[in-house]
Amino acid sequence: MARQYTLQRAAPTGPKIDYAAELNAEQLAAVTAPPGPALIIAGAGSGKTRTLTYRVAYLIENGILPHHILLLTFTNKAAREMLDRVAALVPQPLDGLWGGTFHSIGNRILRRHPVEAGFAAGFSILDREDAVDLMDEVVVKLELDPHEKRTPKGEVFADVLSYQLNTGFSLSDVLAEKYPHFLQYRDQFALARSRYEKKKQEANALDFDDLLEKTVALFRKHPHIAEHYQRQFQFVLVDEYQDTNHLQNDFIELLSARHHNVMVVGDDAQSIYSWRGADFHNILEFPKRHAGAQVHKIETNYRSTPEILAVANAAIAPNKKQFKKALRATRAATDSRPALIPLPDSGQQAALVAQRILELHEEGMPLEEMAVLYRAHFHSMELQMELTRRGVPFEITSGLRFFEQAHIKDVSAFLKWTVNPRDEVAFKRMARLLPGIGAKSADTLWAQVGERFRSKTQEPAAPAPTEGEDPDWSVDDEPPSALAPADRATRERPETIANPWLGMPPIKDLLAGLKVPTKTVKAWEQLAYTLDELAPGGKLAPPAQMIGSVLEAVYDDYMLANFPNYEARREDLGTLANFAKQYDSPQPFLDQLALMTSLDSDAAQRKDDPERVTLSSVHQAKGLEWRAVFVIWLAEGKFPTARSLDNDAAIEEERRLFYVAVTRAKDELYLSYPCVSYSGYGDPLQRPSRFLAEIPRELLEEWQVGGVF
DNA sequence: TACGTGGCGCTTTTT
DNA sequence: GCGCCACGTA
């Protein structure tokens, strides 16, 4: 069965990269590693991204077609950055290269084989909120005892079931670990799982987990489809491997199963996402799972002063579960050690940080070169007030993401339902915007619309999952030739742009005459008319035009009536419509909305803004660096967080988090904690974090802060 | 359905 | 010390 295929070197085009000159010995070894499974342990600040991007360039330079390379990341930002950097290195176009987040790659594959995956073309993607909305519908029907004072809500169900899927743990184990007080509901959770699956099926909608899980299931059910992709992806590269979960690891293993050229890059010491299912045993045990795997360690650090690195190495040393390694500094020694700053209370902690920021700024350090890091966002409240008082501009990495804001999601609901009229979540969201329509009426309307829609389509809207193999879908052909590097799968099986309205009566007829409350009649007619405009004559309009129609017909009025900050929201929707102009059809636009977190428009916005200090949780600071870093609230119960105190594994993760914080600093590091905090709830007395006690005193310079206060 | 009041509980976050 | 949610009423 196995087909032997010999790679041909492409004729060299353009100047070659001088790898030996541009990389250090450790990086070079990883970049030029022979094929086969490889684990790259890349310490903080060691040039991990550089290594990965040069590896891709190296593969391409050695004749591997971009089409045969798969590059997996966690975030869109990382994917974009890496692809951009590769593009800058190699002369040939990278069009065929499959690079993106796990979810976007899963989506891309599923869009080509929706039916084989058990769905219909044109499926919706449910973001986290949509998934919870749908789960709420399931939970209502479970009829949990209303006399019970506390019953789990949709959010808890969604969380538990998602965590279970991502980790592969049993339901009982997940409940015991995350929600022991809900263990009695075990059976309802199991029931909710199957009902939720059914709901998604009926709605032709996939949640984020499905984008991975259904891809894995597709491959297991249709080996010939799996084989196609396994053949195609001769080289698989994975970024931030230490944060992969069970499901993502299956995804990686399946896609690389044929060629075994899987290079995973990560730092076990920076694994900080176990609470959302990441299992750093994936990285610790990679060499065991892949016999003969090469292991490369990259430990030369270009970022921090030796004094900061000494603290970092000491900080992580107590962790038992790790690959032993020590970062080596390349920078020259300085005469300053990181500062350890106890403060009488949290107000003075805020004052110290603010004052020190101003001093550094006066010494010539730009504000954007400084950051204040903390374990939890509320730890920054006092500091925010202090900075405001002193007129220090700052930027906070938290809060609602652009696409998760209500007005963005409201408007997208119109588009989503037009593209996929089976999308229950989108329909109900849209309906609830009308005056006089709440959850109950939305439910009734949905039942009627669903009924009408089904009766108007000759075939059931959901094609039953096909059994057996699709005869038209043969992938057992010759591998893509160098002369025709275009993606064969794309040519043979383009992503179907589904149009549910073809051959259907106009939308307004579908909605006309349904029973609605008297005060809703007018708005209902208007809605029907508007939706008709989104698919005039049964043809889906371009998304930018759709947004315009929705705004003009209903949503602008809605915003005026319901939001105090009408102007800002209106502006956001203008930005959205502008963004939508790049898309001819709504489907890919909606995919983008679901799979992206932010619009890069704020980068442009920030241009004319003054420089700012960054305030960030440590989690969100991963991968970033600043010249000066302040880590605040290093007190027991704050950092490490109270919930981790009685759990060794949790403490180790907190310690890794502390390590991430420390290794963000290039030149200056300040570690502080208050002895007393009158703000907030709980015991005002604070004890210094154990992480501070673990650092040899001589590595730090202790500050004694006095003064008038 | 829409709006007002009391109680509870309080990390981290990408897709 | 505050915000969110669940429950009660018009």
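What you see is a predicted model, and the numbers here were worked out from it, not measured in a lab.

### Overview of the overall build of chain A
Phase 1: If you tally the helices and strands in chain A, you get 30 helices and 17 strands.
Phase 2: The long-range share in chain A, meaning contacts at least 24 apart out of those at least 6 apart in sequence, stands at 79%.
Phase 3: Within the structure as shown, chain A displays about 31,700 Å² of accessible surface, and the carbon and sulfur contribution to it stands at 53%.

### Digging into the sheet that holds strand S2 (residues 69-73)
Phase 1: Sheet architecture is open: six strands sit in the order S3-S2-S6-S7-S1-S8, paired in parallel fashion. Edge strands, defined here as strands with exactly one partner in the open sheet, are strand S3 (98-101) and strand S8 (294-298). Geometrically, the sheet is characterised by an average inter-axis angle of 15° between neighbouring strands, direction not taken into account.
Phase 2: The sheet contact formed by strand S1 (residues 38-42) and S8 spans five bridges and is parallel. What sits directly across from Leu39, in S8, is Val295.
Phase 3: Its contacts with the sheet put helix H3 (residues 48-61) on S1, S2, strand S6 (235-238), strand S7 (262-266) and S8, and the angle it makes with S6 is roughly 170°.
Phase 4: Each of S2 and S3 touches helix H4 (residues 76-89); the most contacted strand, S2, lies at about 140° to it.

### Quick notes on the protein's contact with DNA strand B
Phase 1: Neighbouring residues of DNA strand B: 31 residues in total, closest Arg375, Arg401, Ser441, Thr597 and Ser617.
Phase 2: Contact distances for DNA strand B include 2.9 Å between a base oxygen and a side-chain N or O atom of Arg375.
Phase 3: Lys440 places a main-chain nitrogen or oxygen 3.4 Å from a phosphate oxygen of DNA strand B.
Phase 4: Every element with two or more residues in the surface near DNA strand B is listed here: helix H20 (439-456) and helix H28 (618-621).
Phase 5: A total of three residues in the surface near DNA strand B trace back to one element, the largest contributor, which is H20.

### Examining unusual backbone geometry
For residues other than glycine, phi is negative in most cases, and the peptide bonds are mostly trans.
Phase 1: In this structure, Pro640 follows Phe639 across a cis peptide bond, with omega equal to 10°.
Phase 2: Its identity as a non-glycine residue notwithstanding, Asn204 has a phi of 50°, on the positive side.
Phase 3: Overall, the relative accessible area of 2% leaves Asn204 in the buried class.
Phase 4: Of note in the backbone geometry, His260 takes a positive phi value of approximately 60° without being a glycine.

### What about the side chain of Thr167?
Phase 1: Along the chain, the position of Thr167 falls in helix H7 (residues 154-167).
Phase 2: Residues in contact with Thr167, not counting those within four places in the same chain, are His246 and Gly277.

### Remarks on the confidence of the model for chain A
Close reading of the predicted structure is inappropriate where its pLDDT is low.
Phase 1: Looking at chain A as a whole, the pLDDT averages 87, with 90% of positions reaching at least 70.
Phase 2: Low pLDDT, under 50, characterises residues 458-494; the stretch is placed with 58 contacts to residues that sit more than four places away or in other chains.

### Some details on the pattern of salt bridges
Phase 1: Counted by the stated rule, this structure contains 44 salt bridges.
Phase 2: The salt bridge partner of Arg328 is Glu26, with a shortest N-O separation of 2.5 Å. Placement of Arg328 in strand S10 (residues 328-329) and of Glu26 in helix H2 (residues 25-31) is noted, with a sequence separation of 302 residues between them.
Phase 3: The class for Glu26 is buried, based on a relative accessible area of 17%.
Phase 4: In this structure, Asp239 and Lys48 form a salt bridge, with 3.0 Å as the shortest nitrogen-oxygen distance. On the criterion of sequence distance, the pair formed by Asp239 in the loop between S6 and helix H12 (246-255) and Lys48 in helix H3 is long-range, its members being 191 residues apart. For the pair formed by Asp239 and Lys48, the shared burial category is buried.
Phase 5: Salt bridges sharing partners connect three or more residues here, namely Asp127, Glu129, Asp130, Lys409, Asp410, Lys416 and Arg429.

### Observations regarding the side chain of Gln587
Phase 1: Its place among the elements puts Gln587 in helix H26 (residues 586-595).
Phase 2: A distance of 3.5 Å separates a polar atom in the side chain of Gln587 from a polar atom in the side chain of Arg111.
Phase 3: What Gln587 contacts, discounting residues up to four positions off in sequence, is Arg111, Gly122, Phe123 and Val419.

### A closer look at the sheet that holds strand S16 (residues 665-676)
Phase 1: Pairing within the open sheet is parallel, and its seven strands lie in the order S13-S14-S12-S15-S16-S11-S17. The outermost strands of the open sheet, each flanked by one partner alone, are strand S13 (394-396) and strand S17 (701-702).
Phase 2: Here strand S12 (residues 370-374) runs beside strand S14 (residues 613-617); their pairing, made up of four bridges, is parallel. Pairing of Leu373 across the sheet is with Ser616, part of S14.

### Things to note about the nonpolar core
Phase 1: One finds Phe414, Trp417, Tyr555 and Phe589 to be the most contacted residues of the largest nonpolar core, which totals 57 residues.
Phase 2: When contributions to this core are tallied by element, the ones reaching two or more residues are helix H18 (406-419), helix H19 (424-431), H20, helix H22 (507-511), helix H23 (521-534), helix H24 (543-562), helix H25 (566-580) and H26.
Phase 3: The leading source of residues in this core is H24, at eight residues.
Phase 4: Here Trp417 is in contact with Asp423, Ala426, Phe427, Met430, Trp446, Val449, Trp501, Ile507, Leu510, Leu511 and Leu531, once residues within four sequence places are set aside.
Phase 5: By size, the runner-up hydrophobic cluster in this structure holds 41 residues, among which are Phe102, Phe123, Leu211 and Leu212.

### Looking at helix H9 (residues 186-203)
Phase 1: End to end, H9 covers 26 Å across 18 residues, agreeing with the expected 26 Å (1.5 Å per residue, within 8%).
Phase 2: When H9 is considered as a whole, its buried residues turn out to be Phe189, Ala192, Tyr196, Lys199, Lys200 and Ala203. Viewed end-on, H9 has its buried residues packed into an arc of 90°, placing them on one side of the element. Exposed side of H9, more than 90 degrees from the buried face: Asp187 and Lys198 are the residues found there.
Phase 3: Count one or two residues on from H9 and you reach Asn204, which has phi positive near 50°.

### Quick word on the packing of H18 against H23
Phase 1: Two elements in contact, H18 and H23, have axes separated by 10 Å at closest approach and are oriented at 65°. In terms of orientation, H18 lies roughly perpendicular with respect to H23. Seen from above, H18 lies across H23 with right-handed handedness. The segment H18 lies against H23, with Phe414, Trp417 and Thr418 engaging Leu527, Leu531 and Leu534.

### Digging into a nonpolar patch on the surface
Phase 1: On the surface, Phe378, Met381 and Tyr681 cluster together to form a nonpolar patch covering roughly 410 Å² of accessible area.
Phase 2: Tracing the sequence through the fold places Met381 in helix H17 (residues 381-389).

### Some points on H26
Phase 1: Summarising burial for H26: eight of the ten residues are buried, a large majority.
Phase 2: Of all the residues in H26, the buried ones are Pro586, Gln587, Phe589, Leu590, Asp591, Leu593, Ala594 and Leu595.

### Overview of the pairing of strand S11 (residues 339-345)
Phase 1: Extensive coverage of S11 is indicated by the burial of six of its seven residues.
Phase 2: Two strands pair when backbone bridges link them, and S11 and S16 are joined in this way by six bridges, in the parallel orientation. For Ala339, the partnering residue across the bridge sits in S16 and is Tyr670.
Phase 3: Of the pairings in the sheet, the one linking S11 to S17 comprises two bridges and is parallel in character. Pairing of Ala339 across the sheet is with Glu701, part of S17.

What counts and how
Residues numbered from 1 in each chain as written. Chains lettered and ligands numbered in written order. Predicted model: local features only at pLDDT ≥ 70, side-chain atom pairs only at ≥ 80, totals over all residues. Heavy atoms only, no water. Helix = DSSP H or I, 4+ residues; strand = E, 2+ residues; numbered from the N terminus. Contact = heavy atoms within 4.5 Å. Areas by Shrake-Rupley, 256 points an atom, 1.4 Å probe, with all protein chains shown as cover. Pairing = 2+ DSSP bridges. Axes fitted to C-alpha atoms, helices over the stretch in contact; angles between N-to-C directions. Near = heavy atom within 4 Å. Polar contact = N/O pair within 3.5 Å; in protein donor to acceptor, adjacent residues only side chain to side chain. Buried < 20%, exposed > 50% of the residue type's maximum accessible area, 1.4 Å probe, protein only. pLDDT = per-residue confidence, 0-100. Salt bridge = Lys/Arg side-chain N within 4 Å of Asp/Glu carboxyl O. Core = buried A, V, L, I, M, F, W, Y, C linked by side-chain atoms within 4.5 Å. Expected span 1.5 Å × (residues − 1). Arc of directions from axis to C-beta. Parallel < 35°, antiparallel > 145°, perpendicular 65-115°, else oblique. Left-handed = near helix turned anticlockwise from the far one by under 90°. Patch = residues over 30% accessible without salt bridge, like charges linked within 9 Å, V, L, I, M, F, W, Y side chains within 5 Å.

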